[in-house]
Amino acid sequence: MSDVREHVVSPAREDGFVRGLAEAIGGPRGEHAVPETPSRGGRFWTAARIVLALTCLTLALHWVQKSPCRDGAWADYKQYTHFCYTDVLALYYAEHLNEGAVPYVDYPVEYPVLTGAFMGALGLPIHALGEKNSAIPQATLFYDTNAFVLSLFAIASVAMILSLRRRRPWDAALFALSPVLLVTATVNWDLLAIVLAVAGIWLWAKKYPVAAGVMLGLGMAAKLWPAFLFLPILIVAVRSRQYAALVNSVAAGVIAWLAVNVPVMLINFENWRRFLDLNSERIIDWGTSWYVGRHFDPFGLELWNNVPLVTNLSLALFALCCVGLLVFGLRVKTPPRLAQLAFVVVAVFLITNKVWSQQFTLWLLPLLVLARPKWPAFLAWQLAEVCYFVAFYGELMGASGKQVFDEWVFVFASMMRLGTVILLVVLVIREMIHPELDVVRQAYADSDTPDPDGGPANEPLEADPASSRPVPAVA
């Protein structure tokens, strides 16, 4: 497809909300204006470059927002009153990196292996440098280094989204301008898993199923959730009968995960399994659907305090939802897009899980941009997330002995967040059932790739090389 044909979709023409905002600066681009293409916009400032610049601006503002906590001197609830708490700095001490402890070898780490290795790769050289020069503020340097590298991961994620949406580069502005990115980018190391997951989707879209599997396997070695993206790959591959691509991708993912994890298992199995033990032992976390359910329980059921039962129920609910998504994805009339399925499976995990840390919301951000790039519902979700973010810090203050507001305020904020994510799932499923409502599909309707993320699924059927149509819905 030539660059001339790939005209950039103007948000001001497509989205009523953006059109209303555009009136303040003269309205949408005129009908007779020179059409914008992926490589030609406003001279130097193409849409892609503007979005990348906005991403850098948001990340810079995030660093400023977290800067009061950079020195590690968290007195008088400073980390809560300034909304600047970050695990990155707290765990520099909690995981004994400040003492030169090697993750998993000298001390068990509460995260999967690749995240622990990332922490050590940055933390141990900084500790060694601080040992030689006591004037170096190790904690501050550790946070700043992590913030810089994680910001590079965020920028790389946006660049891949732009590559996947050459006709719709302005979609990536949802990521670049996201309030969630602004307030949670470096709360933890989730951007490591995010860049690997987005890379997996990008490589699948570019028809490199083995490399895609490797990236998703490494993502699973950083955080568990990128493994869930193999379910969408399964669905689109089965519907298009691209079984070889599916098998190669899954096999590559398993091998990549084993290559990272097995050496650590052999060195110290007990330290390696700490992540699994911690997740099975954790009680119902703040802000989850289980937390809300316990708050409204009129009978005072013991269920909520039975950690093994809650753990098993949450896993069973998620597994049931995955089976439902598999059946739906194979039966729905029009083959769903990969990104739509990816967003739904990760969102359902958060909805059913007993743990939903504040930064987990970042997982949904690139997936929603690829699945449903519409501003109104996106902004409603972001508003709910910001309200939850503020309420969560108030809840942390209360747990520390300084009451800020009644419990119902936090519960209401949790319900808002939960409700908007459920709404987004419903809207995405609706567009899978009614593909004429899918703006991404419409933008690529005249191309050979109705699913720009489909990769091998856009190839002719293996069983019928002369055909270019996907396998019909399973009866």
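Residues numbered from 1 in each chain as written. Predicted model: local features only at pLDDT ≥ 70, side-chain atom pairs only at ≥ 80, totals over all residues. Heavy atoms only, no water.

(A) Quick peek at the state of the cysteines. Considering all chains together, one arrives at one disulfide under this definition. The disulfide partner of Cys-69 is Cys-84, and the gap between their sulfur atoms is 1.8 Å. Its S-S torsion of about 60° marks the bond between Cys-69 and Cys-84 as right-handed, since a negative value means left-handed. Taken together, the positions of Cys-69 in the loop between helix H3 (47-66) and helix H4 (78-81) and Cys-84 in the loop between H4 and helix H5 (87-94) put the pair 15 residues apart, joining distant regions of the chain. (Disulfide = S-S within 2.5 Å. Helix = DSSP H or I, 4+ residues; strand = E, 2+ residues; numbered from the N terminus.)

(B) Representation of the packing of aromatic side chains in the model. Considering all chains together, one arrives at 27 aromatic pairs under this definition. Between Phe-83 and Tyr-393 the ring centres are 5.4 Å apart and the planes differ by 65°, which places this aromatic pair in the edge-to-face class. One end of the pair, Phe-83, is in the loop between H4 and H5; the other, Tyr-393, is in helix H20 (residues 375-399), and 310 residues separate them in sequence. Take Phe-83: its relative accessible area is 28%, and that puts it in the partly exposed class. One aromatic cluster is present, formed by Tyr-80, Phe-83, Trp-286, Tyr-291, Tyr-388, Phe-389, Phe-392, Tyr-393 and Phe-410 through successive ring pairs. (Phe/Tyr/Trp six-rings, centres within 6.5 Å; stacked < 30°, edge-to-face > 60°. Buried < 20%, exposed > 50% of the residue type's maximum accessible area, 1.4 Å probe, protein only.)

(C) Focus on the packing of helix H18 (residues 338-352) against helix H21 (residues 407-433). As a packed pair, H18 and H21 sit with axes 10 Å apart at the nearest point and diverge in direction by 150°. It follows from the interaxial angle that H18 and H21 lie roughly antiparallel. Once H18 is placed against H21, the crossing between them reads as left-handed. Contacts between H18 and H21 pair Gln-340, Leu-341, Phe-343, Val-344, Ala-347 and Ile-351 from the former with Leu-418, Val-421, Ile-422, Leu-424, Val-425, Val-428, Ile-429, Glu-431 and Met-432 from the latter. (Axes fitted to C-alpha atoms, helices over the stretch in contact; angles between N-to-C directions. Parallel < 35°, antiparallel > 145°, perpendicular 65-115°, else oblique. Left-handed = near helix turned anticlockwise from the far one by under 90°. Contact = heavy atoms within 4.5 Å.)

(D) Fine view of the nonpolar core. Ranked by internal contacts, the top residues of the largest apolar core, which has 111 residues, are Trp-189, Trp-225 and Phe-343. Filtering out sequence-adjacent residues up to four positions away, Phe-343 remains in contact with Leu-364, Leu-367, Leu-368, Ala-371, Leu-424, Val-425 and Val-428. Grouped together as the second largest cluster of nonpolar side chains are 19 residues, Tyr-85, Phe-392, Leu-396 and Met-397 included. (Core = buried A, V, L, I, M, F, W, Y, C linked by side-chain atoms within 4.5 Å.)

(E) A look at the packing of helix H19 (residues 364-371) against H20. Relative to each other, H19 and H20 sit at 165°, their axes nearing to 11 Å. In terms of orientation, H19 and H20 fall into the roughly antiparallel class. The two elements H19 and H20 cross, and the hand of that crossing is right-handed. Residue-level contacts link Leu-364, Leu-365 and Leu-368 of H19 to Phe-378, Trp-381 and Gln-382 of H20. Across the contact of H19 with H20, the residue classes break down as five nonpolar, one polar and no charged. (Nonpolar A, V, L, I, M, F, W, Y, C, P; charged D, E, K, R; others polar.)

(F) Quick look at unusual backbone geometry. Phi at Asp-76 takes a positive value of approximately 55°, unusual for a residue other than glycine. Take Asp-76: it is sitting in the loop between H3 and H4. Unlike most non-glycine residues, Arg-241 shows phi in positive territory, near 60°. For Arg-241, a relative accessible area of 26% translates into the label partly exposed.

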